[in-house]
Structure formats: structure tokens, C-alpha cells
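# Chain and residue survey
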Amino acid sequence: MKTFFTALGGAILGTILGAVLLFFIASMAISGFMQSAGSQLSGGENPETMVLTLDLRQDLSDQPPTSGIAALFGQKGFVNVITRLDAARTDERVKGVFVRASEFSVGSARAEELRNAIRGLRDAGKFVVVHSQGTYGGGPSSLRAIAAADEIVIQPAGDYLGGGVTFETMFFKGLLDRLSVSAEIEQFYEYKNAPNVYKETDYTAAHREAMTALAESIWQTSLADIAQDRQMDVSDVEAALTSGPLSPEALVEAGLADSINWPEAVKESLKERAGEDAEFVDVLSYHPPSAPLGAPAIAIVGGEGPIVTGGGSGDFFSSSAEFASDTIAAALLEAGRNERVKAIVFRVDSPGGSPTASDQIWNAVKMVQEMDKPVVVSMGTYAASGGYYVSTGADWIIANKGTLTGSIGIFGGKLAIADGLRQIGINTSEISVGGPFAGAMTTIDTFSDTEREMLHAWLKRGYDRFTSLVAEGRGMSVENVDKIARGRVWTGEDALEVGLVDQIGGLVDAISKARDLADIPADEKSRIMFYPVPQGGIPGFGPMAEASAEDLGTLARAAEILEDSRIQALIERGSMLQSSPVQARGPLLIEK
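Residues numbered from 1 in each chain as written. Predicted model: local features only at pLDDT ≥ 70, side-chain atom pairs only at ≥ 80, totals over all residues. Heavy atoms only, no water.

### A word on helix α4 (residues 108-123)
Definition in use: A run of H or I in DSSP becomes a helix once it reaches four residues, and a run of E becomes a strand once it reaches two; helices and strands are each numbered from the N terminus. What a helix is expected to span follows from its residue count: subtract one and scale by 1.5 Å. Categorising residues by exposure relies on relative accessible area from a 1.4 Å probe, with only protein chains included: less than 20% of the type maximum marks a residue as buried, more than 50% marks it as exposed, and the intermediate range marks it as partly exposed.
Between its first and last C-alpha atoms α4 spans 23 Å; for 16 residues at 1.5 Å apiece the expected length is 22 Å, and the two agree. Here α4 lies mainly inside the structure; 12 of its 16 residues are buried. Listing the buried residues of α4 in full gives Ser108, Ala109, Arg110, Ala111, Glu112, Glu113, Leu114, Arg115, Ala117, Ile118, Gly120 and Leu121. Immediately downstream of α4, the backbone of glycine 125 shows phi near 90 degrees, a positive value.

Set out below in C-alpha cells:
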């Protein structure tokens, strides 16, 4: 009887909160539709003379979400920014771009794509003016992203905190030792350093070597790009950035900025420069001229975040794209079957994840190629470990100089907590029926010698398959792949040298390469189609008479949203080993 009333109460609560949430969503959707309709009735989606605005202070995922509330309201991603800035180059309505600089890191790879977009706009005769309120951390990427602009204006008291590139790693072995918890993790091989945070108290020699090489590569590339864009010597840029926090006056004196003023004054001057009829339009509200309906299409299939099996979380409140194997594989195949699609750009932004999920996506790429559709990979911030696994079979791989890629390796295991539990009076015991590996992956005891041998053989098979696929995709011998694999992470620039990628560039370059491979004439326009196609409906709500714990959890968060009228992003779910005991994942890096 108690269960009945609990279920009944849950169903009633679900019905009430669901109705309130539906009303809330419907109101926002209708409001957005009316605003859009009003805009169209007043003479078009965009004005005839525009200055696009881009605010790098806003938090954007790499790709637009394809499900949940973010997709429902058309939230965009960084790839939308890049494709629209590229379209603005040839749009006569766009006179220039006003950029609000980031106060923190934008990431090395993202800075590179923004830099290329700014250079492209300037080459096309558009002005690009940046206003910065100062930079308070995050390395050189925030400056590298904007250095190519016509003019950089600093706000009074907007100091710049330079310094260099720092990767910070937290090691938990000391804590685990105090708790008598053992990290039972096998890794292939010495550079596969993600498990080191649980197994070591400091960097191993191989771990330190790899991270130092990454930091040095990113730093030197950043200095070179900034120096080129500001027409300075590299040594002068380095001297300025390593001299400590710089005042706005010092930035101007050093040549890293042009003037000091307030954002409102800069905006007013740009309106005069573009013409009195010019209007400011956010780049994500800008609608570029479209190609004819019958034009050939390039599909952009996006995967972002940890690679997992299945079809995604179905979380209504998720604010970013996901890299779920069923979803991404289906998107690749759907794009491949579309007769209008002539080639596919596979945008990969992932530190890795499940080898099984990665293998499924790799196979989908091969199936698309069998449909005579070329596949070009565009690597974002990360395409490491599983992120490289899904890329290795493509016809062409393009990475930014600062992309973190490679990490060809695998690891797996568990945290054994039995000894720690005994210290607080909890005794553990188990009953196991079956073979010698039956209880191996429980989180109680350490591995026996037999279990460890079986785990090692299991992981070795995964590593061997990974390296064999890389050898096949890159036209290399397995022996040569092993020399550059072993879990080592490379920047895109270094990955080009060792043969893991084909070209340095960003998303725009990948689209251009896809057109070439599809034999689309240079003078013929093409359309861009994004996959996975955003899903409609309201996921997360089952039948109200059968309200589940997951439904009620979703509704509880809905109540929080209705209370403060904001949509709050969720933190990334799960720990490193939560979804699968075996992972092909790169290192966790905190760039400063």
C-alpha cells in the first residue's frame, strides 16, 4: 500500500510539475516565434548594412546541442561562429566585426580558428576591431585569438596577465594511500598518463616529458602567431608577456594593443565607420546568404565530449553536444545516405572514452566511405585517444596546431576499497560462481595474479587493434605506429610531423578539402548541413502515471529553473571509470 501511494504521489507531482514546465517552455517558444515573425514582417531577418558582434566572454560548446532544452531553443556552438564568420567574408551587407575579447583562456585550438577567421575577414576588406577589458589568466590563447585584428582597444585599468603555458595535474595517490584504497589500473604504455593521477604522487619521467613538450609547442606557436599578427619580433613579444602583469599603457607601449578606451566609445566609432544605417547583429543571429536549394551539400557531423556507448543521456537539461556511439554512428550513416550530401566533415572534439564506442564510430566512417562519400576529420581542442580512434580511418585529417591528439593507447582497471573499508569496521567478503575472472571487476579486492594476467591480455588486444587500425588508416607499419603511440599526446603541429594528421587547419579548411574530394567546382556554391539533426519533443518525461526516479529528478531541476528563471548547466557526469572499466582516454589537462 505504501508503494502504491508513493507511486501515486510521484505521478501527481510529475503531472503538476510537467504541466508547469510545458507552460513555461511553450511561453518562451511562442515569445521567440513572435519576435522572429515580427523581425520578418519588418523587412527581413538581417539589416542591409551590418557590423557583426562576437562576444568571446560567453561560454560556448564546440558544437550545437542536438537534444534537450538547449536544442529546443536553438542554442549554437563554436562551429556556428566559425562558419558564419567565414560566410561574412563575401557578404556585402557585412562591413566589419566588433569582438569583445575573452578575459580568460579560449583554448589554443579555438584561438587558432578565431585567428584564421579574423585574417580571412581582413583579407576580404572587412574591418575587425577588438575591445578588451583585460585578461586575468589562461595563458596566451586569449591574446592569440585577437592579435590579427585591425585594432585592439583596452579598457582603462584592464591589465593583462601573461606569463606562459601551465598544465596543472592533481595526483590523488597520497589520499588513496591514507584511505587504504589501491588503484588497480593497467595502462598501455608509459605515456598513457591518465591513470597516473591515481597511481602516482608526481609526474613520471615519461609523463613530464610529454607534458613539457606540449606546453613548449603551444607557447612557441602562440608567440610566433602573435608576433606575426602584431608585426613584432618574437623576442619582443616574449619579453613583454613574461615581464609580469601589464597595464593598458604598457600593452600599448609594447605594441600588443593600439589604444585605451571604453567599449561604448568603440562601438559608437564603429557605427560611424560602417555608415549611419548600420546595425549591430550578433554573429549567432546573423543569417548568411544561402546557396540554391539544389546545390550540393557538405555535411558536418559533430561529436563532442567523452565517447560513450549508447544513444546519449537523454537529459533534457544538457547544454552541450554528446559523443554517444549509437547517435554519432547513425548521424554519419544518415548523412552518407542523403543524396544531396557529397562529402562529410567529421568534427571531433573529444579526449577519448570507450574503445567499444570508438570502434563502432570508426566502422560507421568506413561504411560511409563505401557509399563513395569522402570523410574529412576536423579536430577541435581535443581529438585524443578514442578521439583519434574515430578519426584514423578518414580520407583526410586536419588538426589545428594546438589540437591535442594522438594518445594512442588504452587503460583499464578499478579502485580496490576493501582494505579501506576494514579500517572503519566494514568487512567485505564475496561469493563467486564461474570462471577465474567472474569477480575481477568488483571494486572490493585487488586483482589476483590470474585476474591481472587476464586483464592485461584483454587490454593488450584493445591496444593491438587500435594500433593496427591506425597503421591501416595512415599507411604505416604497426611497428612505426607503436613508436609514436604508447599513449603519447601530440599537438597538431607535432602530429603532422609524425604522420598522424595530413594538414594543419580548422573547420573552414576541412570544408574546403571536403569540396575538393567531392569534386565540387570552385565556382559552385554548396550548402552546409549539420548532423545529428536536433531532436524535437521533450526528452526526460515518461508517462506521468509511471513517474520514475529519473523523471522526478528532471522535474526537480525544472522546479529550480522556474524558481529563479534561469537555465543552469549541469556539470559533467561521472568519474573516469564510471561508465566502463576500460578507457581509451587522454590526460586531464588544466591549461593556465
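### Considering the environment of serine 350
What counts, and what does not: Any two residues whose heavy atoms approach within 4.5 Å are treated as being in contact. Distance and chemistry together define a polar contact, namely a pair of N or O atoms within 3.5 Å, with one atom able to donate a hydrogen and the other to accept it when in protein, and with adjacent residues in sequence counting only for side-chain atoms on both sides.
Mapped onto the elements, serine 350 comes out in strand β12 (residues 341-350). In this view, serine 350 contacts Gly305, Pro306, Ile307, Phe323, Tyr382, Ala383, Ala384 and Gly387; residues no more than four positions away in its chain are not counted. Reaching out from serine 350, the side chain makes a polar contact with the backbone oxygen of glycine 305 at a distance of 2.7 Å.

### A word on the pattern of salt bridges
Going by this rule: Criterion for a salt bridge: a side-chain nitrogen of Lys or Arg within 4 Å of a carboxyl oxygen of Asp or Glu.
Throughout the structure, instances matching the rule amount to 25 salt bridges. Residue aspartate 229 pairs with arginine 119 through a salt bridge whose shortest N-O separation is 2.7 Å. Placement of aspartate 229 in helix α8 (residues 205-230) and of arginine 119 in helix α4 is noted, with a sequence separation of 110 residues between them. You can call arginine 119 partly exposed: its relative accessible area is 30%. A salt bridge links arginine 474 to aspartate 502, with the nearest nitrogen and oxygen atoms 2.9 Å apart. Highlighted residues: arginine 474 in helix α16 (residues 449-474) and aspartate 502 in the loop between α18 (492-498) and β19 (503-504), separated in sequence by 28 residues. Looking at arginine 474, the relative accessible area reads 15%, which means it is buried. Residue classification places aspartate 502 among the partly exposed residues on the basis of a relative accessible area of 27%. Here the salt bridges share partners, and the residues they tie into one network are Glu112, Arg115, Arg119, Arg144, Asp225, Asp229 and Lys401.

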